[in-house]
Amino acid sequence: MFVRPLTMEEGRKLQRITRSAKDPVKLRRAIVVMMSGQGQSVPDITSLMQVSDDYVRDVIHAFNEKGLDALDPKWNGGRPATISSQVREHICLIAKTVPAEWGITGHSTWSLRTLAEHLITRGVVAAISREHLRRILRKGGVTWQTTTTWKSSTDPHFIAKMQRVLDLYDHPPADGRVICLDEFGPLNLMPRKGKRWRPAGSPARLLATYNRYNGVMHMIAARSIWPPAGCSTGSASASASAGANTCPSLRRSACAGPARSCM
């Protein structure tokens, strides 16, 4: 049993495949076809290639029917997925929550182990390994990120006030001073960032405001930015009632530079 006569083009392609093919299956099939085309019998090919007679005959039959296409391996899809796409989306949604939302105490965020145990307990999946869970989260765009803090103003006129302040930078008064005031603090215990599972590029946020029952300390810094010739910088430490220390610091910044009358 031999392959059909090879054309010149098929011979050149087979030689190129045997020299450069990276797929071992395709390479082995090409060698079988070339050896059969050179007149070697099935037993000789079996002995040299260390394959079975049935394998050699199958390759020869396939090449005679399909040509060079028979050399490409036809990989099957493997085992069907045990976790559907809907369940994967559900897993990603659960990972973006925190254990406290499910009544779980003792954990501030999910680890792969605790999340896998929770999914099994809730009946989301029958079984899942930590590595499989990690791949599902990564494919769903959920990554392990550092949480960030945020603050928001409760002043209903915040936008108007912000625009008025920003306008001073662009249009400073000709006969007055523009002083920037900033506060560093409170200098006490503050919420610390942690890590948790979140969608990529969307870290969780912690509310940065909290009760200060024992008082706090602040660092107040002020800088006169207009006019340029009289720019100066001042600072002060202030307690929870910062007005007594802040006002003198502002006066020093306002009076610095060219001689002027200050209250």
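Above this text sits the structure in question.
**Topic: the nonpolar core**
No. 1: Counting residues in each nonpolar core, the largest one holds 17 residues, and the members touching the most others are Ile91, Leu115, Leu119, Val125, Ile128, Leu133 and Leu137.
No. 2: Looking at this core, the elements that each hand over two or more residues are α5 (85-95), α6 (112-121) and α7 (130-139).
No. 3: Looking at which element gives the most residues to this core, the answer is α5, with four residues.
No. 4: If we ignore the near neighbours within four places in the chain, the residues touching Ile91 are Ile83, Leu119, Val124, Val125, Ile128, Leu133, Ile136 and Leu137.
No. 5: Grouped together as the second largest cluster of nonpolar side chains are 16 residues, Val3, Ile17, Val56 and Leu71 included.

**Remarks on the side chain of His132**
No. 1: Relative to the assigned elements, His132 resides in helix α7.
No. 2: When residues no more than four places from it in sequence are discounted, the contact partners of His132 are Ile83 and Arg88.

**A closer look at a nonpolar patch on the surface**
No. 1: A surface patch of nonpolar side chains, about 550 Å² in accessible area, is lined by Phe158, Ile159, Met162, Val165, Leu166 and Tyr169.
No. 2: If you trace the backbone, Val165 turns up in helix α8 (residues 158-170).

**Observations concerning the pattern of salt bridges**
No. 1: All told, the structure shown has seven salt bridges when counted by the stated rule.
No. 2: For Lys26, the salt bridge is made with Asp72, and the minimal N-O distance between the two is 3.1 Å. In this pair, Lys26 sits in helix α2 (residues 24-37) while Asp72 sits in the loop between α4 (53-66) and α5, placing the two residues 46 residues apart along the sequence.
No. 3: Here the salt bridges share partners, and the residues they tie into one network are Glu131, Arg134 and Arg135.

**Description of the packing of α2 against α4**
Any two packed helices are characterised by the angle at which their axes cross and by the distance between the axes.
No. 1: In the contact formed by α2 and α4, the axes pass within 10 Å of each other and the chain directions differ by 80°. The orientation of α2 with respect to α4, classified from their angle, is roughly perpendicular. Residues Val25, Arg28, Arg29, Val32, Val33 and Ser36 of α2 touch α4, and the partners they reach there are Tyr55, Val56, Val59, Ile60 and Phe63.
No. 2: Grouping the amino acids of the contact of α2 with α4 by side-chain chemistry returns eight nonpolar, one polar and two charged.

**Considerations on the packing of α5 against α7**
No. 1: Where α5 meets α7, the axes come as close as 9 Å, and the angle between the chain directions of the two elements is 90°. Taken together, the axes of α5 and α7 lie roughly perpendicular to each other. Of the residues in α7, those in contact with Arg88, Ile91, Cys92 and Ala95 of α5 are His132, Leu133, Ile136 and Leu137.

Criteria and cut-off values
- Residues numbered from 1 in each chain as written.
- Predicted model: local features only at pLDDT ≥ 70, side-chain atom pairs only at ≥ 80, totals over all residues.
- Heavy atoms only, no water.
- Core = buried A, V, L, I, M, F, W, Y, C linked by side-chain atoms within 4.5 Å.
- Buried < 20%, exposed > 50% of the residue type's maximum accessible area, 1.4 Å probe, protein only.
- Helix = DSSP H or I, 4+ residues; strand = E, 2+ residues; numbered from the N terminus.
- Contact = heavy atoms within 4.5 Å.
- Patch = residues over 30% accessible without salt bridge, like charges linked within 9 Å, V, L, I, M, F, W, Y side chains within 5 Å.
- Areas by Shrake-Rupley, 256 points an atom, 1.4 Å probe, with all protein chains shown as cover.
- Salt bridge = Lys/Arg side-chain N within 4 Å of Asp/Glu carboxyl O.
- Axes fitted to C-alpha atoms, helices over the stretch in contact; angles between N-to-C directions.
- Parallel < 35°, antiparallel > 145°, perpendicular 65-115°, else oblique.
- Nonpolar A, V, L, I, M, F, W, Y, C, P; charged D, E, K, R; others polar.

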